[in-house]
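Single-letter residue listing:
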Amino acid sequence: MVESAEKQWYVLHTYSGYENKVKMNLDSRKESMGMQDYIFRTVVPEQEEHEVKNGKDKVKMEKEFPGYVLVEMIMTDQAWYIVRNTPGVTGFVGSHGQGSKPTPLLPDEVDLVLKRIGMSSRHEDLDVSIGDTVKIVDGAFTGLDGKVTEVDNEKQRLKVNIEMFGRETSTDLDFNQIDTNL
C-alpha cells in the first residue's frame, strides 16, 4: 500500500446518528494508541439551526452531511487500520474495496466544507492567550491591533477587541487573520 507523508482530509462513512460518537471514539483511540502524529482533527460538519417553538427561540445543531465525518490524517497503514476499525465507522468514502486506501478530499473541497461550518482548513497551534495584543493581517480591520478576549482552538477562531471611533468593538476572526509577532 502506498503511504502519504502529508496531512490530508478524508471522509468517513458512519452509521447515521453516530457521527458525534465516532468523533469521540476516534479522538479517544488516537490518544490511547499514541497516534497524535498521524491522526489530527476529526470534524462532524454541522451548523446551528434556529427555530421558534412555543414562542421560544430554540437552537439545535443540524448535521450538514448526516452519516459522514471528516478526518485529517497522514495515511499510514497503522493510521488507516485504527480509523477504519473505530466503532461506528463503516468505511472510507473513495475506497475501492477491502484493504485499498481511500482518495483524499481536494483542498478546495475541504476549504468549502470547513468555511460553511466556520472553521479553517489550516490547523495552526496558535500561541495566543486572552489579554494578548495581536495585529490583524486580513479582513475589514487589516492593520489594526487588538486585544484577545476569547480563543476557540477547536474552530480556529478568536474574538479580539479593537478600538474604533473611540470605542472598543469586538470582532470574530480566524487564526489565519492575525499575526502574533508585534
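Conventions and cut-offs
- Residues numbered from 1 in each chain as written.
- Predicted model: local features only at pLDDT ≥ 70, side-chain atom pairs only at ≥ 80, totals over all residues.
- Heavy atoms only, no water.
- Helix = DSSP H or I, 4+ residues; strand = E, 2+ residues; numbered from the N terminus.
- Buried < 20%, exposed > 50% of the residue type's maximum accessible area, 1.4 Å probe, protein only.
- Contact = heavy atoms within 4.5 Å.
- Patch = residues over 30% accessible without salt bridge, like charges linked within 9 Å, V, L, I, M, F, W, Y side chains within 5 Å.
- Areas by Shrake-Rupley, 256 points an atom, 1.4 Å probe, with all protein chains shown as cover.
- Salt bridge = Lys/Arg side-chain N within 4 Å of Asp/Glu carboxyl O.
- Core = buried A, V, L, I, M, F, W, Y, C linked by side-chain atoms within 4.5 Å.
- Pairing = 2+ DSSP bridges.
- Axes fitted to C-alpha atoms, helices over the stretch in contact; angles between N-to-C directions.

### Digging into the environment of Leu173
As for its position among the elements, Leu173 is in strand β10 (residues 167–174). For Leu173, a relative accessible area of 4% translates into the label buried. Once you skip the residues sitting within four places of it in the chain, Leu173 turns out to touch Ile136, Gln156, Arg157, Leu158, Val160 and Ile178.

### Here we look at unusual backbone geometry
The backbone of Phe165 sits at a positive phi, close to 55°, despite the residue not being glycine. By the element assignment, Phe165 lies in the loop between β9 (157–164) and β10. For Phe165, a relative accessible area of 80% puts it in the exposed group.

### Quick look at a nonpolar patch on the surface
Taken together, the side chains of Phe65, Tyr68 and Val93 define a hydrophobic patch exposed on the protein surface, amounting to about 230 Å² of accessible area. By secondary structure assignment, the location of Tyr68 is in strand β5 (residues 68–74).

### Points about the nonpolar core
Leu12, Ile39, Val71, Met73, Val83 and Phe92 are the most contacted members of the largest nonpolar core, which totals 17 residues. Secondary structure elements with two or more residues in this core: β1 (7–14), α1 (19–32), β5, α2 (77–84) and β6 (89–92). Broken down by element, the residue count for this core peaks at four residues, all from α2. Setting aside residues up to four positions removed in sequence, Leu12 forms contacts with Leu26, Gly67, Tyr68, Val69, Val71, Val83, Val89, Gly91 and Phe92. Core analysis: the second largest hydrophobic core is formed by 11 residues, Ile136, Val160, Leu173 and Ile178 among them.

### Some thoughts on the sheet that holds β6
Read across the open sheet, the four strands follow the order β2-β5-β1-β6; overall the sheet is antiparallel. Of all strands in the sheet, those with a lone pairing partner are β2 (39–43) and β6, marking the two edges. Pairs of neighbouring strands in the sheet enclose a mean axial angle of 30°, with direction left out of account. Inspection of the sheet shows β2 paired to β5 by three bridges, in the antiparallel sense. Its bridge partner lying in β5, Ile39 is registered against Met73. Strand contacts of α1: β1, β2, β5 and β6, with the helix running at about 165° to β2, the strand carrying the most contacts.

### Some remarks on the sheet that holds strand β8 (residues 145–152)
With respect to topology, five strands assemble into an open sheet ordered β10-β9-β8-β7-β11, the strand pairing being antiparallel. In this open sheet, the two edge strands, each paired with only one partner strand, are β10 and β11 (178–179). For strand β7 (residues 133–136) and β8, the ladder comprises three bridges, and the chain directions are antiparallel. Note on β8: the bridge partner recorded for Thr133 is Lys147.

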